[in-house]
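Take a look at the letters that make up each chain.
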Amino acid sequence: MTKQDIDMNAFPATQKDMANAIRALTMDAVQAANSGHPGMPMGMADVATVLFGQFLKYSPRDPNWPDRDRFVLSAGHGSMLMYSLLHLTGYDGISIEDIKNFRQLGSPCAGHPEYGEAPGIETTTGPLGQGMANAVGMAMAEKLQAARYGSDIVDHYTYTIAGDGCLMEGISHEAISMAGHFKLSKLIVLFDDNGISIDGPTDLTVSDDQCARFAACGWHVQAIDGHDPAAIADAIRAAKASDKPSMIACKTTIGFGSPNKQGTAATHGAALGDDEVAATREVLGWPHAPFEIPTDVSDAWLQAGNRSGADYQNWQGRLANMDTDARAAFEAANAGDLPASLDEAINAYKRELIADPQNVATRKASQMALEVINGEVPHTLGGSADLTGSNNTNSSKMVPITPDDFSGDFVHYGVREHGMAAAMNGIALHGGFIPYSGTFLVFTDYCRPAIRLSALMGQRVIYVMTHDSIGLGEDGPTHQPVEHVASLRAIPGLNVYRPADVVETMECWQLALQSADAPSIIALTRQGLAQVRLENTDENLCRRGAYELRAADGDEQVSLFATGSEVAIAMDARDALQAEGIATRIVSIPSFELFAQQSDDYRQEILGGDTVRIGIEAGIKMGWEGIIGDKGGFVGMNSFGASAPIDDLYNHFGITAERVIIEAKARL
């Protein structure tokens, strides 16, 4: 490819130079790092310049403006597109020095965009398809808030750039289907249709008609030349006028401007090389030194960054004129605040449970807790992946949203566990709601990439995961989680709760709501459990992760540590051991993560002195070593489950009080 093959005069001068600034920063940063993905940013520079220069509503001076448009770079490997845009439009947080240190330790310009590293990065992307599903959640949140507070206060679009890889990932189908069903007309996907993936041309692996695919799911679809600014602008205008979510297939050349590598996989994931960078500068008519942006181009970009100033000021005026109560509710929801009345409502409910104990499955206990919580917190948003009656995530006054009515507070996500989890990330990131939703614990396998990103981003997303062990019974090993709790505990920043009864369930919900910077898994039983907490206290005993539920009668010889449904087994074992004169205590451990955060003194107090330690959980042993030590015993699972009634299963796998007693005596 030669310079003559690329007619740069076809572009208006300002548009051309602004787009080339993105290309130059990209190839310079990737070359300096000798690492990165220059192709996508160079190919989509024209689309991004039109979007940020003419359409996107944003404020670099107030990056968290609630009514800003959201921009998600789902094709996160092209992160230099994001960093270039943020730097050029005047956001604090991305300096030219940061760009020079692309992909280096301490630079906010990480290999893939990371939420919280710099203002303007709306979500962490890189695992392909996640950003697109996040964008669906953001568009849902916008439509939900508009229904509550009116379009004078909430009226913005969500744009996402997605690549071929995003659309190959299975999560893309869940996201596309969900958005089409719910008629998310303020969601616009800009598809970088460059026909190249890492291995080479995409026809090596796919022959999908993406436009037909989106259209079949109820989307407004257009196909354009992604290097024609007028066509790009016309397409965005048409998309904004549609009453459907929109996909614009932008036919682009990956690595646009690189005379010897554009249009090939060579530009996808590697530096161009010094000679090719120099040749590209010549082709683009960009004579400036590396990382140098001429004043006229810089000024044009800063002007683009200020173009929403009038919209911003007008919105501030409308906010000031809102009804006082409505504004307070709007701002509290956006801040994620919990009402002051919640703690007392929870304590009053706990007193009721002590006065009238309830022996119920913890999935039912969760629904009972939600009756209290949803009555106090107006911005919870519930849901389920087609298991509402099993997960019990709906409370009595909740109203499901429909495509034509978003005034409700419950989402039927359908059998789309992965899309559900990623959409909840988008809802949490957008602000205005505390999202929670449910499926079976075994299906966290489908949700796991999104759960990991919840933790990486520190988002308050609450995963209600029921049917948490072999205790679900006859559905068998395909549905019985064995390794899942342990594997979820391995994710940094994720709080995993496994409550033992109705009181602990409420306390775990309280902790999940209070964890504004961490996601939570609440693992709940299918089977009924006796209430083991029978003494009232306003203190949340679960807040330290573990506590002594029953003290030993006499000088303690055995300590039984249990979670969830197995606390009841520990209770029976303790009674039998005490009857034989073996002083035994019980420690309930609703959260390993919170217990690990406690002081050494508290941990030692709970772990006990020189006693026999036995762990009891209907899951694998991994992770219990820090509780029971090298010499402790463990009663749990070391294989997959089986299809049978619950009592037969617990007996078959030896998760019984009798087994606990044998393990304890063997170590005395």
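Above this text sits the structure in question.
Owing to the predicted nature of the structure, the values given are computational and were not obtained by experimental measurement. (Residues numbered from 1 in each chain as written. Predicted model: local features only at pLDDT ≥ 70, side-chain atom pairs only at ≥ 80, totals over all residues. Heavy atoms only, no water.)

Re the overall build of the protein chain
Thought 1: In terms of helices and strands, the protein chain carries 26 helices and 20 strands.
Thought 2: Taken along its principal axes, the extent of the C-alpha atoms in the protein chain is 95 × 55 × 45 Å.
Thought 3: Summed over its atoms, the accessible surface of the protein chain is roughly 24,300 Å², and 47% of this surface lies on carbon and sulfur atoms. (Helix = DSSP H or I, 4+ residues; strand = E, 2+ residues; numbered from the N terminus. Areas by Shrake-Rupley, 256 points an atom, 1.4 Å probe, with all protein chains shown as cover.)

Considerations on the pattern of salt bridges
Thought 1: The full count for this structure, using the stated rule, is 26 salt bridges.
Thought 2: Residue R585 pairs with E556 through a salt bridge whose shortest N-O separation is 3.8 Å. Of this pair, R585 sits in strand 18 (residues 584–588) while E556 sits in the loop between strand 16 (547–550) and strand 17 (558–562); the two residues are 29 residues apart in sequence, bridging distant segments of the chain.
Thought 3: Judged by relative accessible area, which is 35%, E556 ranks as partly exposed.
Thought 4: Across the pair R659 and E663 runs a salt bridge, and its minimum N-O distance is 3.0 Å. Of this pair, R659 and E663 both sit in helix 26 (residues 657–666), four residues apart, which is roughly one turn of that helix.
Thought 5: Its relative accessible area of 33% is what places R659 among the partly exposed residues.
Thought 6: A single network of salt bridges, built from pairs that share partners, joins E142, D155 and K186. (Salt bridge = Lys/Arg side-chain N within 4 Å of Asp/Glu carboxyl O. Buried < 20%, exposed > 50% of the residue type's maximum accessible area, 1.4 Å probe, protein only.)

Side note on the nonpolar core
Thought 1: Counting residues in each nonpolar core, the largest one holds 121 residues, and the members touching the most others are F71, M140 and W301.
Thought 2: When residues no more than four places from it in sequence are discounted, the contact partners of M140 are M178, F182, L184, I401, F406, V411 and Y413.
Thought 3: Membership of the second largest hydrophobic core comes to 78 residues, among which are Y349, F410, F561 and A618. (Core = buried A, V, L, I, M, F, W, Y, C linked by side-chain atoms within 4.5 Å. Contact = heavy atoms within 4.5 Å.)

Some remarks on the packing of aromatic side chains
Thought 1: If you walk through the whole model with that rule in mind, you get 16 aromatic pairs.
Thought 2: Look at F52 and F71: their rings are 5.1 Å apart centre to centre, the planes differ by 85°, and that puts the pair in the edge-to-face class. Here the residue F52 occupies a position in helix 2 (residues 39–55), and F71 occupies one in strand 1 (residues 70–73), the gap between them amounting to 19 residues. Summarising the burial analysis for this pair, F52 and F71 share the class buried.
Thought 3: Residues F592 and W624 carry aromatic rings whose centres are separated by 5.0 Å and whose planes lie at 80° to one another, so their mutual orientation is edge-to-face. In this pair, F592 is assigned in helix 22 (residues 592–596) and W624 in the loop between strand 19 (612–616) and helix 24 (625–628), connecting sequence segments 32 residues apart. (Phe/Tyr/Trp six-rings, centres within 6.5 Å; stacked < 30°, edge-to-face > 60°.)

A closer look at the packing of helix 5 (residues 130–149) against helix 7 (residues 170–181)
Geometry of a packed helix pair, given as the angle between the helix axes and the separation of the axes.
Thought 1: Where helix 5 contacts helix 7, the two axes come as close as 8 Å, and the packing angle between them is 20°. Taken together, the axes of helix 5 and helix 7 are roughly parallel relative to one another. With respect to the hand of their crossing, helix 5 and helix 7 are arranged in left-handed fashion. Where helix 5 approaches helix 7, its residues Q130, M132, A133, V136 and M140 are matched on the opposing element by I171, S172, A175, I176, M178 and A179.
Thought 2: Classifying every residue of the contact of helix 5 with helix 7 by side-chain character gives nine nonpolar, two polar and no charged. (Axes fitted to C-alpha atoms, helices over the stretch in contact; angles between N-to-C directions. Parallel < 35°, antiparallel > 145°, perpendicular 65-115°, else oblique. Left-handed = near helix turned anticlockwise from the far one by under 90°. Nonpolar A, V, L, I, M, F, W, Y, C, P; charged D, E, K, R; others polar.)

Thoughts on the environment of T584
Thought 1: Relative to the assigned elements, T584 resides in strand 18.
Thought 2: Here the alpha-carbon distance between T584 and G200, two residues 384 residues apart in the chain, equals 65 Å.
Thought 3: In this structure T584 touches A551, A552, V558, L560, R574, L577 and Q578, once residues within four positions along its chain are discounted.
Thought 4: At 2.9 Å, the side chain of T584 forms a polar contact with the backbone oxygen of I582. (Polar contact = N/O pair within 3.5 Å; in protein donor to acceptor, adjacent residues only side chain to side chain.)

What about the environment of I521?
Thought 1: If you trace the backbone, I521 turns up in strand 14 (residues 520–523).
Thought 2: With 55 residues separating them in the primary sequence, I521 and T466 have C-alpha atoms 10.0 Å apart.
Thought 3: Those residues within four positions of I521 in sequence are excluded, and the remaining contacts are L441, I451, Y463, M465, L488, L494, N495, V496 and Y497.

Looking at helix 26
Thought 1: Within helix 26, the full set of buried residues consists of A657, V660, I661, E663 and A664. Burial along helix 26 is one-sided: seen end-on, the buried residues are contained in an arc of 165°. Exposed residues pointing more than 90 degrees away from the buried face of helix 26 are listed as E658 and A666.
Thought 2: Where helix 26 is buried, its residues contact strand 17, helix 21 (566–579), strand 19 and strand 20 (633–635). (Arc of directions from axis to C-beta.)

Concerning unusual backbone geometry
Thought 1: Positive phi is not limited to glycine here, since F291 has a value of about 65°.
Thought 2: Tracing the backbone shows F291 in the loop between helix 10 (274–284) and helix 11 (295–305).
Thought 3: Given the relative accessible area of 15%, F291 is considered buried.
Thought 4: The backbone of D386 shows a phi angle near 65°, a positive value even though the residue is not glycine.
Thought 5: If you trace the backbone, D386 turns up in the loop between strand 9 (380–384) and helix 16 (388–391).

Thoughts on the sheet that holds strand 16
Thought 1: The strand order 16-18-17-19-20 describes an open sheet built from five strands, whose pairing is mixed. A single partner strand is all that each edge strand has here, and the edge strands are strand 16 and strand 20. Direction aside, the axes of adjacent strands within the sheet are offset by 30° on average.
Thought 2: Pairing of strand 17 with strand 18 involves five bridges; the strand directions are parallel. Paired with L560 across the strands is I586, a residue of strand 18.
Thought 3: Set on the sheet, helix 23 (residues 600–607) makes contact with strand 16, strand 17, strand 18 and strand 19; between it and strand 18 the angle comes to about 130°. (Pairing = 2+ DSSP bridges.)

So, the packing of helix 21 against helix 26
Thought 1: In contact at an axis separation of 8 Å, helix 21 and helix 26 are set at 55° when each is read in the N-to-C sense. By the angle class used here, helix 21 and helix 26 are oblique. Remark: the crossing between helix 21 and helix 26 carries right-handed chirality. Contacts between helix 21 and helix 26 involve I569, D572, A573, A576 and L577 from the former and A657, V660, I661, A664 and K665 from the latter.
Thought 2: Class assignment for the residues of the contact of helix 21 with helix 26 results in eight nonpolar, no polar and two charged.

Thoughts on the pairing of strand 6 (residues 220–225)
Strand residues, when the strand is regular, have side chains that alternate between the two faces of the sheet.
Thought 1: Where strand 6 and strand 7 (residues 246–251) come together, six bridges link them in parallel fashion. Bridged to V221 within strand 7 is M247.
Thought 2: Considered for its hand, the β-α-β crossover made up of strand 6, helix 9 (residues 229–241) and strand 7 is right-handed. (Right-handed = clockwise from strand over helix to strand, strands pointing away.)

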